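Examining the three-dimensional arrangement
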Amino acid sequence: MGPGARLVAASFVASGVLHLVRPRTFTGIVPRSLPAPRALVYASGVAELVCAAGLFRRDSLAPLASAALLLAVWPVNVRMALDASAGGVEPWKAAVAWARVPLQLPLILAVLRERDS
């Protein structure tokens with residue numbers, strides 16, 4: 001597995017565990033239009049752990065599933081950045097939130113490269 005995919009898998013493990021252990025951290029960033037934020041946080045945490053395991057095992061569907069998950073959470077990252085820019089947080093936190101938005105692209109490319117290896 002390439003270093004980019006290893007980074008994504010490790011990030012999925014850390015984030016997935018955090019989603020399950022401290023769901024309250026994430027419920028506030030679930031888009032307001034979606035129902036059952038806590039259930040969605042748990043589901044996304046499980047999805048991250050499943051994708052991480054698949055990447056580490058080099059399962060054939062893991063790169064596509066991981067790319068789909070990264071695409072699915074992209075709107076949440078945009079919402080976080082918009083909320084941070086609206087005020088109430090330190091400027092550096094808003095900058096970090098905005099930095100995450102374009103970071104999704106190289107992460108998606110990194111997992112998709114695993115399809116060819």
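Quantities reported herein were computed from a predicted structural model and do not represent experimental measurements.

**Some remarks on the environment of Leu105**
Turning to its location among the elements, Leu105 is positioned in helix α5 (residues 91-112). Here Leu105 falls in the partly exposed class, since its relative accessible area comes to 46%. Taking C-alpha positions, Leu105 is 9.4 Å from Ala67, a pair spaced 38 residues apart along the chain.

**With respect to the pattern of salt bridges**
Considering all chains together, one arrives at four salt bridges under this definition. The residue Arg79 makes a salt bridge to Asp83 at a minimum N-O spacing of 2.9 Å. Taken together, the residues Arg79 and Asp83, both in helix α4 (residues 62-85) and four residues apart, mark about one turn of the helix. Since its relative accessible area comes to 29%, Arg79 is described here as partly exposed. Take Asp83: its relative accessible area is 28%, and that puts it in the partly exposed class. Lys93 is paired through a salt bridge with Glu90; the nearest N and O atoms lie 3.4 Å apart. The exposure class assigned to Lys93 is partly exposed, which follows from its relative accessible area of 38%. A relative accessible area of 37% means that Glu90 is categorised as partly exposed. A single salt-bridge network, built from bridges that share partners, covers Arg32, Arg79 and Asp83.

Analysis parameters
- Residues numbered from 1 in each chain as written.
- Predicted model: local features only at pLDDT ≥ 70, side-chain atom pairs only at ≥ 80, totals over all residues.
- Heavy atoms only, no water.
- Helix = DSSP H or I, 4+ residues; strand = E, 2+ residues; numbered from the N terminus.
- Buried < 20%, exposed > 50% of the residue type's maximum accessible area, 1.4 Å probe, protein only.
- Salt bridge = Lys/Arg side-chain N within 4 Å of Asp/Glu carboxyl O.

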